[in-house]
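# Fold and geometry: a report
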Amino acid sequence: MKLFKRLPLLITAVISVLTAGCIPSELYLKVDMSEPGTDLKIAAVLPLSGRNKVAAEQMAEGMKMAEYELNANSVTGRGQLQLKFFDSKGSADGAMEAVEAAAKWGAAGIIAGYSTEEVSDILPHAVRHQMPVVIPLATSNEHTDLSPFVFRNSYTDRQQSEVLANYLLHWRQAKTLGIFLDESKDVVYQNNIARDTAQAFQDIGGKVTATLLTKQIPEEKDIVALLKTDPEAILVTFGGKEAGILIRKLREAGFTGIICGPDSWDTDELVMPLQNMKVGECLYTAFFNAENESQEFKKFKKEFRKRFYYYPGARETQSYDAVKFMAVGFYRAETLLDFDRNWRSIQQHQGAAARYTMLPKGDIDRTIYINTIGVRRNGKGLEAFSRFSRQIQYSRIKMYNPDYYK
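Right, let's walk through the structure included here. The structure displayed is predicted, hence computed values, not measured ones.

All right, on to the pattern of salt bridges then. Using the criterion set out here, one finds 15 salt bridges in the structure. Its salt-bridge partner being Arg 248, residue Glu 252 comes within 3.6 Å of it at the nearest N-O pair. One end of the pair is Glu 252 and the other is Arg 248, both in helix α8 (residues 240-252) and four residues apart, which spans about a single turn. Using a relative accessible area of 24% as the deciding quantity, one classes Arg 248 as partly exposed. By sharing partners, the salt bridges in this structure join Glu 69, Lys 299 and Lys 324 into a single network.

See the structure below:
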């Protein structure tokens with residue numbers, strides 16, 4: 001995008017700060033938060049009327065919970081947090097209009113969601129206004145590379161792919177992997193997952209037998225073609241109900257190996273096509289663990305239930321953490337360097353969703369969960385359901401490799 005041509009200028013500006021001791025205008029924040037007692041205005045730019053409307057509403061409730069807690073427990077010298085929602089409409093034009101409206105309102109920073117494409121539409125406009133952006137859910141590898149004003153509390157596609165590859169090969173002992181990639185939607189996300197998982201799997205000694213591209217749920221001939229390559233595990237890069245339908249088709253075709261997927265599987269729609277069948281071994285990465293035993297999550301879950309009358313999921317929890325972390329970043333911050341220093345003070349912090357360590361250049365070390373699909377009997381037959389299996393700190397995946405201990 002043309003607006004990101006400013007990135008070299010920002011990098012040059014950072015170098016000049018280090019060498020000359022002065023701070024150029026490109027690194028000043030849109031809103032000066034250095035004065036004690038200054039109110040912090042955070043804009044949430046979400047697809048409130050787009051195809052991801054439900055996800056946006058869930059994100060909004062997690063953010064409202066963070067706003068309530070921060071204002072109820074304000075530390076001395078910190079002003080009130082004001083949170084306002086702007087509708088991106090799930091479109092490029094809507095994203096631009098929403099960011100412009102947020103800037104006019106006086107927003108200091110932006111929480112951007114929901115999908116990779118939606119966040120990509122938001123970033124250039126927010127950066128142009130020199131507003132830090134925090135990404136709670138979109139996982140594109142490239143987002144934090146585009147500008148030093150972009151931060152995340154989500155893991156990346158590469159990180160979840162590396163965890164998945166290492167878990168398959170070193171823990172589940174699957175040496176060969178086949179991949180189904182649907183090119184009809186979420187193309188950037190699916191391409192990232194397919195490419196990064198294949199690369200990570202091969203880097204640690206596995207073999208990718210085939211990658212099959214489709215424009216829809218694979219037909220019988222496509223399934224047979226992939227199974228003929230004899231994979232021990234199959235990666236399905238798309239999610240939701242479509243992934244559930246393919247799992248059923250693969251089992252009906254006789255595949256008994258591991259079927260796995262990324263965090264796009266983490267939806268109630270996944271198990272809808274899997275009722276009254278033996279699902280076999282299926283696993284996927286996730287942001288969230290409903291069985292999390294941390295005190296931070298237990299407290300958040302209890303208070304959230306009181307205010308919103310249901311238990312929070314990944315979208316609520318990630319968004320809650322994002323607002324809390326943005327408030328940390330803005331504490332007494334006048335420049336991007338102040339914000340970044342505050343942001344990187346978050347070390348081994350147990351948030352509601354995960355344990356976080358913020359790293360230079362927008363990188364992050366955090367918990368990634370592995371969920372599986374279980375089956376239980378109810379009064380009518382077999383019922384499929386998602387369940388937590390394991391949690392992995394990204395920085396520790398190297399310890400899964402037996403060679404690590406040699």
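In contact at an axis separation of 7 Å, helix α2 (residues 53-72) and helix α10 (residues 314-330) are set at 40° when each is read in the N-to-C sense. Considered as vectors, α2 and α10 are oriented oblique to each other. You can see that α2 and α10 cross each other, and the crossing is right-handed. The residues of α10 that touch α2, namely those facing Ala 55, Gln 58, Met 59, Gly 62, Met 63, Met 65, Ala 66, Glu 69 and Leu 70, are Arg 315, Glu 316, Ser 319, Tyr 320, Val 323, Lys 324 and Ala 327.

Once that is clear, we can look at the pairing of strand β1 (residues 40-46). Summarising burial for β1: six of the seven residues are buried, a large majority. Of the pairings in the sheet, the one linking β1 to strand β2 (residues 81-87) comprises seven bridges and is parallel in character. Across the sheet, the residue bridging to Ala 44 is Phe 85, located in β2.

About the cut-offs
- Every chain's residues receive numbers from 1 upward, in the order its sequence appears when written.
- Since the coordinates come from a predicted model, pLDDT governs what is reported: local features require at least 70, and pairs of side-chain atoms require 80 or more to be given and counted, while whole-chain, interface and lining totals use all residues.
- For side-chain calculations, the full set of non-hydrogen atoms in the structure is used, while hydrogens and water are omitted.
- Any carboxyl oxygen of Asp or Glu that lies within 4 Å of a side-chain nitrogen of Lys or Arg is treated as forming a salt bridge with it.
- A run of DSSP states H or I qualifies as a helix once it reaches four residues; a run of E qualifies as a strand once it reaches two. Both are numbered from the N-terminal end.
- Partly exposed describes any residue whose relative accessible area lies between the buried limit of under 20% and the exposed limit of over 50%, with all areas from a 1.4 Å probe on protein chains only and scaled to the type maximum.
- Angles shown run from 0 to 180 degrees and are taken between the N-to-C directions of axes, each axis being a line fitted to C-alpha atoms and, for helices, limited to the stretch in contact.
- Each angle gets one of four labels, with under 35 degrees taken as roughly parallel, over 145 as roughly antiparallel, 65 to 115 as roughly perpendicular, and the rest as oblique.
- Whether a crossing is left-handed or right-handed is set by the direction in which the near helix is turned from the far one by less than a right angle, anticlockwise for left-handed and clockwise for right-handed.
- Residues count as neighbours in contact if any of their non-hydrogen atoms are within 4.5 Å of one another.
- Two strands are counted as paired when DSSP detects at least two bridges linking them.

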